[in-house]
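Report on the structure
Each chain, letter by letter, is given below.
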Amino acid sequence: MRVIKEGYLYQLTFMPRVFPVNCYFIEEEDGLTLIDAALPNSAKAILQAAEKIGKEIKRIVLTHAHGDHIGALDELKAKLDVPVYISARDSRLLAGDTSLDSTEPQTPIRGGIPKNIKTRPDILMKEGDEIGSLRAISTPGHTPGSMSFIDQRTNILIAGDAFQTRGGTAVSGVTIPWFPFPAMATWNKDTALQSARKIMELKPALLAVGHGELLRNPAAYIEKAIHKAEEAFTK
């Protein structure tokens, strides 16, 4: 596992050269917020990283409920007994429910749907909720209840899979041939594009995603990725 620090943010990357899967620590006065729970068997490395930082993990916040973001959730919850946060909408996906609301686009939910996850969330998030220094932003598209989080101290934005930076910066649903997996797991492309525009309007100082490198001063990259998505989704 590789660790990169950027201000209050720590990026923890599993398999960085092969199939990068990121989770994040956000440093707060009372300890660490863990954003996402990576892959199964990741718990030990995540706990060791917190120990090296010298702060306790105080809460687990999930961007969405795909398997590569909740893989170590049960083990971490059992060892830490800290509150788990997820959007109200993706709490259903966490429980294995792939049904759609009548008001939602009727495209199938894709990606690694959780099976036999024992953990049930303690807190269901909605747009605008504050978790320490983070503000929750509803950014559906990759899944119906995907959330992003902006650190109000630094304007760093953790976007889950709303974007990827592996192989180039792309909106969720746009296929990067040498790393197509986020696109393959995207629920609704038009909704993902709307969320990407919403993120662009926030003008983040740094974009942190589920798959790929940290993107500093990302405005031009985000704008270009949105233009590519607009072209790809209208064909």
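In the annotation of an unreviewed UniProt entry, the chain is listed under the name MBL fold metallo-hydrolase and assigned to Mesobacillus selenatarsenatis.

Let us now look at the pattern of salt bridges. Inspection of every chain in the model, using the stated rule, returns 16 salt bridges. The partner of Lys77 in a salt bridge is Asp122, with the nearest N and O atoms 2.9 Å apart. Placement of the pair is Lys77 in helix H3 (residues 73-80) and Asp122 in the loop between helix H4 (88-94) and strand E7 (123-125), with a sequence separation of 45 residues. Asp122 sits in the partly exposed class, given a relative accessible area of 44%. A salt bridge links Glu104 to Arg89; the shortest N-O distance between them is 2.7 Å. With a gap of 15 residues between them, Glu104 in the loop between H4 and E7 and Arg89 in helix H4 connect regions that are remote in the sequence.

For Lys224, the location among the structural elements is in helix H7 (residues 219-233). Once the C-alpha coordinates of Lys224 and Pro180 are considered, the two residues, 44 residues apart in sequence, prove to be 18 Å apart.

Rules used in this analysis
- Sequence positions are assigned chain by chain, starting from 1 and proceeding in written order.
- Local features in this predicted model are restricted to residues of pLDDT 70 or higher, and side-chain atom pairs are both shown and tallied only at a pLDDT of 80 or more, whereas totals for entire chains, interfaces and linings draw on every residue.
- Working from all heavy atoms in the structure, the side-chain values ignore hydrogens and water.
- Any Lys or Arg side-chain nitrogen located within 4 Å of an Asp or Glu carboxyl oxygen qualifies as a salt bridge.
- In this text, helices come from DSSP runs of H or I with a minimum length of four residues, and strands from runs of E with a minimum of two, each type numbered from the N-terminal end.
- Exposure classes here rest on a 1.4 Å probe applied to the protein chains alone. A residue is buried below 20% of its type maximum, exposed above 50%, and partly exposed in between.

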